[in-house]
Amino acid sequence: MTKKNPVGRPKGDSQARKKLLEAATQLFVKHDYDKVSIRMVANQAEVDAALIRYYFGSKAQLFGEMLKNVSDPVFSTLKHGKQHTEVSDLAKVMRAYYTTMVDNPYFPKLIYKLSGLPKEHESAQQLNLMIGSLGRFKSRELFQKLLKNKSLLDGVDPEMAQISFLSLMVFPFLMPERLLEANQIELSKQKFLKLADHNVQLLERGLFKPKEHSNATQ
């Protein structure tokens, strides 16, 4: 069978590509990868299914582009924390991260769902590319530098501090709805941003020396 190549730009809706990415995001968050078909995405976007092949080439490539579209704002925020070695910088990273995540609610849900996929799955390559990007933010290196700078309170294990930091960064966005309902918690955008400041205080008071004391010991 001869593979047909698209000729020229398709006529019609100029927003088709954007609509397809939005539809793919909604469907892949709601359903397992294998249960989402090209036709489902096209129907959700209300465009011709042939446009998926034109814009993306295949379902796997559409999936990869969707992951990139969702994750880029988050990675853009995290990469600014790569060289930060001050407690105040760490706080800025967390606040910026929370602000970004609130505006990109699909990211943590996708990460959670996709983390259990087998390596041989057709979407694994796309997922690995995304995880590779996340790896640019090295929280372990960050906390080792904080330890070297004597910013951590005496007796604080830098690895445990790193885990606490990551927990505060990730868990609030993955809490199941049933857990929230059982504890009568409603999380709005405003509350998430308030939680960011609260968690920064937890880090500053529970893990790090006061700034003036840290400076005096260096």
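Coordinates for the structure precede this section.
Residues numbered from 1 in each chain as written. Predicted model: local features only at pLDDT ≥ 70, side-chain atom pairs only at ≥ 80, totals over all residues. Heavy atoms only, no water.

## Let's talk about the overall build of the protein
The secondary structure content of the protein amounts to twelve helices and zero strands. For the protein, the proportion of its 218 residues judged to be buried stands at 37%. Restricting to contacts in the protein with at least 6 residues of sequence separation, those with at least 24 account for 73%. (Helix = DSSP H or I, 4+ residues; strand = E, 2+ residues; numbered from the N terminus. Buried < 20%, exposed > 50% of the residue type's maximum accessible area, 1.4 Å probe, protein only. Contact = heavy atoms within 4.5 Å.)

## Considerations on helix α1 (residues 16–30)
Compared with the 21 Å implied by 1.5 Å per residue over 15 residues, the 21 Å span of α1 between its first and last C-alpha is a close match. Within the sequence span of α1, burial applies to Ala-16, Leu-20, Leu-21, Ala-23, Ala-24, Thr-25, Leu-27, Phe-28 and Val-29. (Expected span 1.5 Å × (residues − 1).)

## Brief notes about the nonpolar core
One finds Leu-20, Val-41, Met-66 and Phe-143 to be the most contacted residues of the largest nonpolar core, which totals 52 residues. In this structure Leu-20 touches Val-41, Ala-42, Ala-45, Val-47, Leu-51, Ile-52, Tyr-55, Phe-56 and Leu-62, once residues within four positions along its chain are discounted. (Core = buried A, V, L, I, M, F, W, Y, C linked by side-chain atoms within 4.5 Å.)

## Thoughts on the packing of helix α8 (residues 139–148) against helix α9 (residues 158–170)
In the contact formed by α8 and α9, the axes pass within 9 Å of each other and the chain directions differ by 130 degrees. Accordingly, the angle class assigned to the pair α8 and α9 is oblique. When you trace α8 past α9, the crossing you get is right-handed. In this structure, α8 uses Ser-139, Arg-140, Phe-143, Gln-144 and Leu-147 to contact α9, whose residues at the interface are Pro-158, Glu-159, Ala-161, Gln-162, Phe-165 and Leu-166. Each residue belonging to the contact of α8 with α9 can be placed in one class, and the counts come to six nonpolar, three polar and two charged. (Axes fitted to C-alpha atoms, helices over the stretch in contact; angles between N-to-C directions. Parallel < 35°, antiparallel > 145°, perpendicular 65-115°, else oblique. Left-handed = near helix turned anticlockwise from the far one by under 90°. Nonpolar A, V, L, I, M, F, W, Y, C, P; charged D, E, K, R; others polar.)

In short, the description is geometric, and any link to function would need to be established separately.
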